[in-house]
Amino acid sequence: MSDKKLAVNEYIKARSNFLRGTIEEGINDPLTGAISEDDTQLTKFHGFYQQDDRDLRNERKSEKLEPLYSFMLRARVPGGVCTAEQWLMIDEIAQHLTRGNIRLTTRQTFQYHGILKRNLKTVIQKLHQRLLDSIAACGDVNRNVMCNPNPVESKAHEKVYQFAVELSEHFMPHSRAYAEIFLDEKPLNQPEEEPLYGPTYLPRKFKIGLAVPPHNDVDVYTNDLGLIAILDGEELLGFDVAAGGGMGTTHGDTNTYPRLGDTLGFVRPEDVLKVSEAIFTTQRDFGDRENRKHARLKYTIDTMGLDVFKAEVEKRSGVTFAPAHQVTWTTRGDRFGWIQGFDGRWHLTCYIPNGRIADTEHAQLMTGLREIAKVHQGDIRMTANQNIIIAGVPEAEKAQIEQMARQYGLYGEELTWLRKLSIACVALPTCGLAMAESERYIPELITKVDALLEKNGLANEPIVMRMTGCPNGCARPFAAEIGFVGKGPGRYNLYLGASPVGTRLNKLYRENIPEETILEELDGLFARFAKERQEQEGFGDYVVRAGIVKAVNQGREFHD
Ligand code: SRM
Ligand code: SF4
């Protein structure tokens, strides 16, 4: 650790004693609602972030009070699968120890907002009682592993889910800090070590997603490591491996760009772990530890060159990639309504508006899921598109679950595809990086855009439209056919032209525009689309074919 130019987080990690820092002292300090600056970086590895309510900042300042500090805590739930019993605990915690609602994330898990410092330990201990945790949900580590949201659709789907769980376990940090600080476990009488990570963990976050074609419901190419299942009927032959996806950018900084993963080739099931580990350790050893804006795997690959990177992965893993397959994708979002699994049980995908599970004047989503979890024997599954699946319902209970889903506004079948396919990030008031509204604003924008579609004879057109409050890309807006990225209050960059199935990025079309201009632009584009589209052509494909925006097939072309 002699190089003075390393990013400040590298020093924080190095001197943290395997992620302990002074977190324990900090959470026990009653004089402030906050923790120390360095510890705010370390607690991310344990799944929580210090935040303050931005809606209340000025008011608190004028009253000479410290900001209203509280914490966002995110759980680790590989493949988004939890039991009904676990859901009841998730719900109980939300009611009593948080802002009172639950947020499903774009990576198949849930998070809470508004946890007061004094309640953090209780929340973690209650999750632990139901075998849930928040380890590595944030921080410079492997994050929640995503997987097709319906693992029992076929036997092969179930196997793919087992890989998601295995990869999640394999890349878990070994530090005992979480157990000692939050679960009051005694230190072991042996030195700590992190066999895979080392004491400074990864240069940056690392994300894995597994998809089962033809459904790209986890946006597999946006992950650092994407595994695409190759099936022969119900048999899992192996995976095509894609590396180097990521969305984060910074407005005005052309050195940053979104990128979709490059397919390296095919590997057999028995080689998946070896190859994944080789990709992970190559990033650990070659990733940029000086500049965090250049530290993700996507930049490591572009700096090394794809061939050199691939050769390094083959050398480290001892596995030679076989040629990749021709994969056909047909959809990206969730498949709503009922699907039957190979075991005869049924799975109901319910729509959750941009992931926010709350009771409002419009729908009692939180109560509804609680009541369903009380009678449901199967699982509850979170999707990568911020929705929920009531899974494993026996035929005999199907009618009752459907009746309850309808009663509480969870069924969602009457909604348009624009709404059902949309995702939006949290943004204001909790996200410290938000430049504009996202989750709170997109529902009304969808209503207006739906009206334009209808006016142009395109009612219920399945367009993937996404929004984020800043260019970090938490709702994967650069992989949307219509992407909105916050620029300032009420103003967005409008991006167009990603492929409907997530195999091409979009491109900046208009910068820093307010709602009025957004609607004018879309009205004109929809009119042309309605007239000029080819049979079955999606909106994202049309705008590229018509020359309205250039195709962005590689991240580096994003700014051309
Ligand atoms: Fe994200 C940071 C929320 C998925 C890229 N993200 C943040 C923080 C923690 C803000 C911060 O650093 O202070 C946000 C917390 C907001 C809040 O108040 O809760 C935040 N990200 C989210 C979630 C909750 C959005 C949502 O509405 O669902 C998603 C949680 C996923 C999970 O369960 O793990 C979430 N974030 C993503 C995704 C999508 C994905 O992974 O599929 C991306 C783009 C993919 C990628 O990683 O490239 C994403 N988040 C970022 C980045 C940019 C990273 C980069 O490489 O530049 C940041 C900022 C950073 O890390 O510095 C960020
Ligand atoms: Fe916050 Fe930006 Fe992520 Fe939205 S995209 S949650 S505004 S960091």
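For the structure given in this document, a descriptive report is provided here. Along every chain, residues carry numbers that run from 1 in the direction the sequence is written. Labels follow written order: the first chain is A, the first ligand is 1, and so on. The model is predicted, so local features are restricted to residues of pLDDT at least 70 and side-chain atom pairs to those at 80 or more, both for listing and for counting; the totals for chains, interfaces and linings are taken over all residues. Hydrogens and waters are ignored; side-chain quantities use all the structure's heavy atoms.

### Some details on the overall build of the protein chain
Under the scheme used here, helices are H or I runs from DSSP no shorter than 4 residues and strands are E runs no shorter than 2 residues, and both carry numbers assigned from the N terminus. For the protein chain, the helix and strand inventory stands at 17 helices and 20 strands. It is over C-alpha atoms that the radius of gyration is taken, and the globule rule equals 2.2 Å times the number of residues to the power 0.38. In terms of overall dimensions, the protein chain is globule-like: its C-alpha atoms have a radius of gyration of 23 Å, near the 24 Å expected for 560 residues. With respect to the three principal axes, the spread of C-alpha positions in the protein chain is 70 × 55 × 55 Å. Contact criterion: two residues are considered in contact whenever any of their non-hydrogen atoms come within 4.5 Å of each other. Pairs at least 24 residues apart make up 67% of the contacts formed inside the protein chain by residues separated by at least 6 positions. Each accessible area value is a Shrake-Rupley result obtained with a 1.4 Å probe; residue values ignore everything except the protein chains displayed when judging cover. As displayed, the protein chain has an accessible area near 22300 Å², and 48% of this comes from carbon and sulfur atoms. Positive charges are assigned to Lys and Arg, negative charges to Asp and Glu, while His and the chain termini are left out of the count. We put the charge of a Lys on NZ, of an Arg on CZ, of an Asp on CG and of a Glu on CD. Placing the 68 positive and 78 negative side-chain charges of the protein chain at their respective mean positions leaves the two points 3 Å apart.

### Regarding the nonpolar core
Counting 101 residues, the largest nonpolar core has Trp 87, Phe 110, Tyr 112, Leu 210, Ile 279, Ile 357 and Ile 388 as the members making the most contacts within it. Considering each element in turn, this core owes the most residues, 7 residues, to helix 5 (residues 84-97). Put simply, buried Ala, Val, Leu, Ile, Met, Phe, Trp, Tyr and Cys residues joined by side-chain atoms within 4.5 Å make one nonpolar core. Exposure categories follow from relative accessible area, calculated using a 1.4 Å probe and restricted to protein chains: below 20% of the type maximum is buried, above 50% is exposed, and the middle band is partly exposed.

### Describing the site of ligand 2
Residues are labelled near a given molecule or strand when at least one of their non-hydrogen atoms is within 4 Å of it. Lining the immediate surroundings of ligand 2 are Cys 425, Ala 427, Cys 431, Leu 433, Ala 434, Thr 468, Gly 469, Cys 470, Asn 472, Gly 473 and Cys 474. A class-by-class count of the residues in the shell around ligand 2 yields 7 nonpolar, 4 polar and no charged. Basically, the charged four are Asp, Glu, Lys and Arg, the nonpolar ten are Ala, Val, Leu, Ile, Met, Phe, Trp, Tyr, Cys and Pro, and anything else, Gly included, counts as polar.

### Points about the sheet that holds strand 8 (residues 225-232)
In any sheet, the strands associate via hydrogen bonds between backbone groups, in a parallel or an antiparallel arrangement. With mixed pairing, 5 strands are arranged side by side in an open sheet as 6-7-8-9-10. Two strands in the sheet have a free side with no partner beyond their single neighbour: strand 6 (146-147) and strand 10 (262-267). Strand direction decides the pairing type here: strand 6 and strand 7 (residues 208-211), joined by 2 bridges, are parallel. Opposite Met 146, over in strand 7, you have Gly 209 as the bridge partner. The criterion for strand pairing is that DSSP finds at least two bridges linking the strands in question.

### As for the coordination of the iron atom of ligand 1
Among protein atoms, the single one acting as a donor to the iron atom of ligand 1 is Cys 474 (SG), 2.3 Å away. Inspection of the secondary structure assignment puts Cys 474 in the loop between strand 17 (465-468) and strand 18 (482-488). Here the term donor refers to an N, O or S atom within 2.8 Å of the metal (or 3.2 Å for Na, K and Ca), and because water is left out of the atoms, sites may appear incomplete.

### A few points about the site of ligand 1
Taken together, 29 residues lie near ligand 1, and Thr 105, Gln 111, Met 247, Cys 474 and Arg 476 sit nearest. Within 3.5 Å is the distance limit for a polar contact, defined as a pair of N or O atoms, with the added protein rule that one can donate a hydrogen and the other accept it, and that residues adjacent in sequence qualify only through two side-chain atoms. In this structure, an oxygen atom belonging to ligand 1 sits 2.7 Å away from a side-chain N or O atom of His 113. Lys 207 has a polar side-chain atom sitting 2.7 Å from an oxygen atom of ligand 1. If you list the elements that add at least two residues to the shell around ligand 1, you get strand 1 (48-52), strand 2 (69-74) and strand 5 (110-115). Its residues assigned to classes, the shell around ligand 1 comprises 9 nonpolar, 12 polar and 8 charged.

### Topic: the packing of helix 9 (residues 272-286) against helix 11 (residues 306-317)
The relative placement of two packed helices comes down to the angle between their axes together with the axis-to-axis distance. The geometry of helix 9 relative to helix 11 is characterised by a closest axis approach of 8 Å and an angle of 120° between their N-to-C directions. Taken as axis vectors, helix 9 and helix 11 run oblique relative to one another. Helix 11 is crossed by helix 9, and the crossing has right-handed handedness. Of helix 11, the residues touching helix 9 (which contributes Lys 274, Val 275, Ala 278, Ile 279, Thr 281, Thr 282, Arg 284, Asp 285 and Phe 286) are Phe 309, Glu 312, Val 313, Arg 316 and Ser 317. Looking at the contact of helix 9 with helix 11 residue by residue, the class counts come to 6 nonpolar, 3 polar and 5 charged. Only the stretch in contact is used when a helix axis is fitted, and all axes are lines through C-alpha atoms; the angle between N-to-C directions ranges over 0 to 180 degrees. Just so you know how the angles are binned, under 35 degrees is roughly parallel, over 145 roughly antiparallel, 65 to 115 roughly perpendicular, and the rest oblique. Should the near helix be turned anticlockwise from the far one by less than a right angle, the crossing is termed left-handed; should it be turned clockwise, right-handed.

### A word on helix 6 (residues 120-129)
For an α-helix, 3.6 residues make a turn, and residues three or four places apart therefore share a direction. Along helix 6, the residues that are buried comprise Leu 120, Val 123, Ile 124 and Leu 127. All buried residues of helix 6 project into a common sector of 95° when viewed along the axis, lining one side. In this structure, the buried residues of helix 6 make contact with helix 2 (23-28), strand 1, strand 2, helix 5, strand 5 and helix 8 (177-182). Looking one or two residues beyond helix 6, the residue adopting positive phi is Leu 131, at roughly 60°. Throughout, the arc means the angular range of directions from the helix axis out to the C-beta atoms.

### As for the sheet that holds strand 18
Taken together, 5 strands build an open sheet; the order of strands is 16-17-18-19-20 and the sheet is mixed. Either end of the sheet is taken by a strand with one partner, and the two such strands are strand 16 (423-424) and strand 20 (507-513). Two strands pair when backbone bridges link them, and strand 19 (residues 491-496) and strand 20 are joined in this way by 4 bridges, in the antiparallel orientation. Within the sheet, the bridge partner assigned to Leu 496 lies in strand 20 and is Lys 507. Its contacts with the sheet place helix 15 (residues 442-455) against strand 16, strand 17 and strand 18, and it is angled at close to 150° to strand 17. Running over the sheet, helix 16 (residues 515-532) touches strand 18, strand 19 and strand 20 and is turned about 145° from strand 20.

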